[in-house]
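# Geometric and topological summary
Given next are the chains, with one letter for each unit.
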Amino acid sequence: MLTFQIENLYTKATGPGHEMHILRNILSCYVPGYSFTKAYKEGRWNGKKYFLTKKGFLPTGLLPYAIKKLPPWIQINKIDQRNIPQFTCRETVCPPDYPETLSDRSHFHCLLEKEGSNPGPCR
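First, a word on what this report is: a plain description of the structure on this page. (Residues numbered from 1 in each chain as written. Predicted model: local features only at pLDDT ≥ 70, side-chain atom pairs only at ≥ 80, totals over all residues. Heavy atoms only, no water.)

### Details of the overall build of the protein chain
What counts, and what does not: A run of H or I in DSSP becomes a helix once it reaches four residues, and a run of E becomes a strand once it reaches two; helices and strands are each numbered from the N terminus. For every residue, the accessible area (1.4 Å probe, protein chains only) is compared with the maximum for its type, and the residue is labelled buried under 20%, exposed over 50%, or partly exposed between those bounds. Note on contacts: a residue pair qualifies if any of its non-hydrogen atoms lie within 4.5 Å across the two residues. Each accessible area is a Shrake-Rupley estimate made with a 1.4 Å probe; only the visible protein chains count as cover when residues are assessed.
For the protein chain, the count of helices and strands is four helices and six strands. A burial count over the protein chain gives 24% of its 123 residues as buried. Summarising the internal contacts of the protein chain: among those between residues at least 6 apart in sequence, 55% fall at separations of at least 24. In the form shown here, the protein chain has an accessible surface area of approximately 9,400 Å², with 57% of it arising from carbon and sulfur atoms.

Structural data, given as structure tokens:
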């Protein structure tokens, strides 16, 4: 059984060695031009880039792809530890009698600046 601890940027994958090996192969690709490198020609490199580190970390954005490509006999356990910030919408700072047309707005801002209160850009 593979366990995925999902965080915002990276996901930690843990499980038996053979399942981690399958996942590592799924999350790899050949580097363009690998066959021309000295390391490949000398047999020190297989020409692949691995997106699963040896400690089991992978980019969270690749998790849906990895799960889709895993064989059906591998069981999956997902632990979601993402911190999703709460967004709040702010009301506009325009006064209720704010003019609709651009020329009226410029006159309105001039009047507010003379009074000492500028509502900022609106609409």
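### Focus on the packing of aromatic side chains
For clarity, the cut-off: Geometry of aromatic contacts follows a simple scheme: Phe, Tyr and Trp rings, the Trp one being its six-membered ring, pair when their centres are within 6.5 Å, and the pair is stacked under 30 degrees between planes, edge-to-face over 60, tilted otherwise. Two limits define a charge over a ring: the Lys NZ or Arg CZ must be within 6 Å of the ring centre, and within 35 degrees of the ring normal.
Applying the stated criterion across every chain, the model contains two aromatic pairs. Ring centres 5.0 Å apart and planes at 90 degrees place the aromatic pair Tyr34 and Tyr40 in the edge-to-face group. Residue classification places Tyr34 among the partly exposed positions, given a relative accessible area of 23%. Tyr40 gets classed as partly exposed once you look at its relative accessible area, which sits at 32%. Clustering of aromatic rings is evident, with ring pairs tying together Tyr30, Tyr34 and Tyr40. Directly above the aromatic system of Phe57 lies the positively charged group of Lys12, at a separation of 5.1 Å from the ring centroid. Over the face of the ring belonging to Phe51 we find Lys49, whose NZ or CZ atom lies 5.5 Å from the ring centre.

### Some remarks on helix 1 (residues 17–26)
Heads up, the condition is: The reported arc concerns the directions from the helix axis to the C-beta atoms and nothing else.
Along helix 1, the residues classified as buried are Glu19, Met20, Leu23 and Ile26. All buried residues of helix 1 fall inside an arc of 115 degrees around its axis, so they share one side. Facing away from the buried surface of helix 1 by more than 90 degrees, the exposed residues are Gly17 and His21. In this fold, the buried residues of helix 1 make contact with strand 1 (2–6), strand 2 (10–14), strand 3 (28–30) and helix 3 (63–69).

### Here's the deal with the environment of Tyr10
Residue position: Tyr10 is located in strand 2. On the accessibility criterion, Tyr10 (48% relative accessible area) is partly exposed. A sequence separation of 48 residues divides Tyr10 from Leu58, and the C-alpha atoms of the two residues are 5.6 Å apart. Look past the residues within four positions of Tyr10 in its chain and what remains in contact with it is Gln5, Phe57, Leu58, Pro59 and Thr60.

### Some remarks on the pattern of salt bridges
The cut-off we apply is this: We define a salt bridge as a contact between a side-chain nitrogen of Lys or Arg and a carboxyl oxygen of Asp or Glu at a distance within 4 Å.
Counted by the stated rule, this structure contains two salt bridges. The partner of Arg82 in a salt bridge is Asp80, and the shortest N-O contact between them spans 2.8 Å.

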